[in-house]
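Survey of secondary and tertiary structure
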Amino acid sequence: MMPQDCDVDLREALKRTAVALKESGLPFALSGSYAAWARGAPEPSHDVDFVVAEADAEQAADWLREAGLQVERPPEDWLFKVFTDGAMVDVLHRVNGVPVRRSQLDDVEELDVISVRMPVQSATVLLEQKLCSLDEHYCDFSTVIPIARALREQVDWERLAHHVRGNDFAEVLLDLLGRLGVTDPSLRPAVPATAR
C-alpha cells in the first residue's frame, strides 16, 4: 500500500468513526496526531485517535459495533480499537494512565475535519498529553517538536508548563523548545542554585 493510499484509508476511517460517535450523542473528541493535523501539524500515517470518557467506553464500543464498524478489545485496558476501510482507529478512555472524565471533553473546539464537523482537543491538551507520555522508555522528541512548532500560536504555554511540571523529560523538551525559539524562553525551568 502506497503512503497516500494509507492516508486516504485513515481519513475515511476518521470520518466514519466520527460520524458514528456524533450519532451516539456521547461526548468525544478527535485526539492525538490527527487532532494536531486538523490544527495545522504534519499529517500522521499510523492511526487515528479519539477519546471518550471512561464511563462511556462500553456504550461507545457497543454503538460503533452497531454502526457496522469492527470493534476489538486489545489486552491493553485503556482503549479499544475500531477497524474500518482498511485502517485502524484507537478509541482511548484513559490517557497516560489517567481515566478520561466527561468534563475533560469540554476543552474542545468544533472544527471541520475532512468535511465533517467534530470536536477536536485543544492544542494545549494535545501537547500536554504528548509531553506527559515522555519517560525513560519513550523519549522521542522528534515526533513532538514538529507538532509544537506548528501549533505554537494555539498553545497556552504557561498552562502547559504548569501541567507538565515534575516530568523531567517534558521539562527538558520545554527548555529545548525555548532555546529553539518555539516558546517564550522565560518558560524554561529554573536551574536550582546547587546545579550551577
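The present account deals with the structure reproduced in this document. (Residues numbered from 1 in each chain as written. Predicted model: local features only at pLDDT ≥ 70, side-chain atom pairs only at ≥ 80, totals over all residues. Heavy atoms only, no water.)

As for the overall build of the chain
Note the following rule: In this description a helix means any DSSP run of H or I spanning at least four residues, a strand means any run of E spanning at least two, and both kinds are numbered starting from the N terminus. Only the C-alpha atoms count toward the radius of gyration. The rule for a globule is 2.2 Å times the residue count to the power 0.38. Burial here depends on accessible area, computed with a 1.4 Å probe over protein chains only, as a share of the maximum for the residue type. Under 20% is buried, over 50% is exposed, and the range in between is partly exposed. Any two residues having at least one pair of non-hydrogen atoms within 4.5 Å are treated as being in contact. Method for areas: the Shrake-Rupley scheme with a 1.4 Å probe, in which residue coverage is limited to the protein chains shown. Neither His nor the chain termini are counted; the positive set is Lys and Arg, and the negative set is Asp and Glu. Charged side chains are reduced to one point each, which is NZ for Lys, CZ for Arg, CG for Asp and CD for Glu.
Looking only at helices and strands, the chain has 7 helices and 9 strands in total. Relative to the 2.2 N^0.38 estimate, which gives 16 Å for 196 residues, the radius of gyration of the chain is 17 Å and therefore close to what a compact globule would have. Oriented by its inertia axes, the alpha-carbon framework of the chain measures out at about 60 × 35 × 30 Å. Every one of the 196 residues in the chain was classed for burial, and the buried ones make up 45%. Restricting to contacts in the chain with at least 6 residues of sequence separation, those with at least 24 account for 62%. Within the structure as shown, the chain displays about 10200 Å² of accessible surface, and the carbon and sulfur contribution to it stands at 50%. Side-chain charges in the chain split into 20 positive and 34 negative, and the spacing between the mean points of these groups amounts to 4 Å.

Topic: the pattern of salt bridges
Just so we agree on the cut-off: Definition used for salt bridges: Asp or Glu carboxyl oxygen within 4 Å of a side-chain nitrogen of Lys or Arg.
Under the definition given, this model contains 12 salt bridges. The shortest N-O distance in the salt bridge between Arg 65 and Asp 62 comes to 3.1 Å. In this pair, Arg 65 and Asp 62 are both assigned in helix H3 (residues 57-66), 3 residues apart and thus about one turn of the helix distant. Taking relative accessible area as the criterion, Arg 65 reaches 42% and is therefore assigned partly exposed. Note on Asp 62: relative accessible area 37%, which makes it partly exposed. Sharing partners across several salt bridges, the network here consists of Glu 54, Asp 77 and Arg 94.

Here we look at the environment of Val 52
Tracing the sequence through the fold places Val 52 in strand E2 (residues 48-52). For the pair Val 52 and Val 100, spaced 48 residues apart in sequence, the C-alpha separation works out to 6.8 Å. In contact with Val 52, other than residues within four places in its own chain, are Leu 21, Pro 27, Phe 28, Ala 57, Ala 60, Val 91, Leu 92, His 93, Val 100 and Leu 105.

Overview of the packing of helix H4 (residues 123-132) against helix H6 (residues 157-164)
Selection criterion: To get an axis, a line is fitted to the C-alpha atoms, and for a helix only the part in contact is used. The angle between two axes follows their N-to-C directions and goes from 0 to 180 degrees. Should an angle fall under 35 degrees it is taken as roughly parallel, and over 145 as roughly antiparallel, whereas 65 to 115 is taken as roughly perpendicular and any remaining angle as oblique. Crossings are assigned a handedness: left-handed for a near helix turned anticlockwise from the far helix by less than a right angle, right-handed for a clockwise turn.
Here H4 crosses H6 at 30°, and the two axes come no closer than 10 Å. When the axis of H4 is compared with that of H6, the two are roughly parallel. For the element pair H4 and H6, the recorded crossing hand is right-handed. Of H6, the residues touching H4 (which contributes Thr 124, Val 125, Leu 127, Glu 128, Leu 131 and Cys 132) are Trp 157, Arg 159, Leu 160, His 163 and Val 164.

Some words on the packing of aromatic side chains
The test is simple: Working definition: rings of Phe, Tyr and Trp (its six-membered ring) pair if their centres are within 6.5 Å, and the pair is stacked with planes under 30 degrees apart, edge-to-face with planes over 60 apart, and tilted otherwise.
The final tally for this structure, using the stated rule, is 2 aromatic pairs. Ring centres of Phe 28 and Phe 50 lie 5.9 Å apart, and the angle between their planes is 55°; this geometry places the pair in the tilted category. Highlighted residues: Phe 28 in strand E1 (residues 28-31) and Phe 50 in strand E2, separated in sequence by 22 residues. Per residue, the accessibility class of Phe 28 equals that of Phe 50, and both read buried. Their ring planes at 80° and their centres at 5.3 Å tell us that Tyr 34 and Trp 37 sit as a pair that is edge-to-face. Placement of the pair is Tyr 34 and Trp 37 together in helix H2 (residues 32-38), with a separation of 3 residues, close to one helical turn.

Considering H3
Quick reminder of the rule: What the arc measures is the spread of directions leading from the helix axis to the C-beta atoms.
Listed in full, the buried residues belonging to H3 are Ala 57, Ala 60, Ala 61 and Leu 64. Buried residues in H3, looked at end-on, bunch into an arc of 100°, giving them a common side. What points out from H3, more than 90 degrees from its buried face, is the exposed set Glu 58 and Glu 66. Directly after H3, the chain includes Gly 68, whose backbone phi takes a positive value near 95°.

Considering the state of the cysteines
The following threshold applies: Cysteine sulfur pairs qualify as disulfides if the two atoms are within 2.5 Å.
Inspection of the entire model under this criterion finds 0 disulfides. Residue Cys 132 stays outside any disulfide, its sulfur separated by 13 Å from that of Cys 139, the closest cysteine. For Cys 132, a relative accessible area of 29% translates into the label partly exposed.

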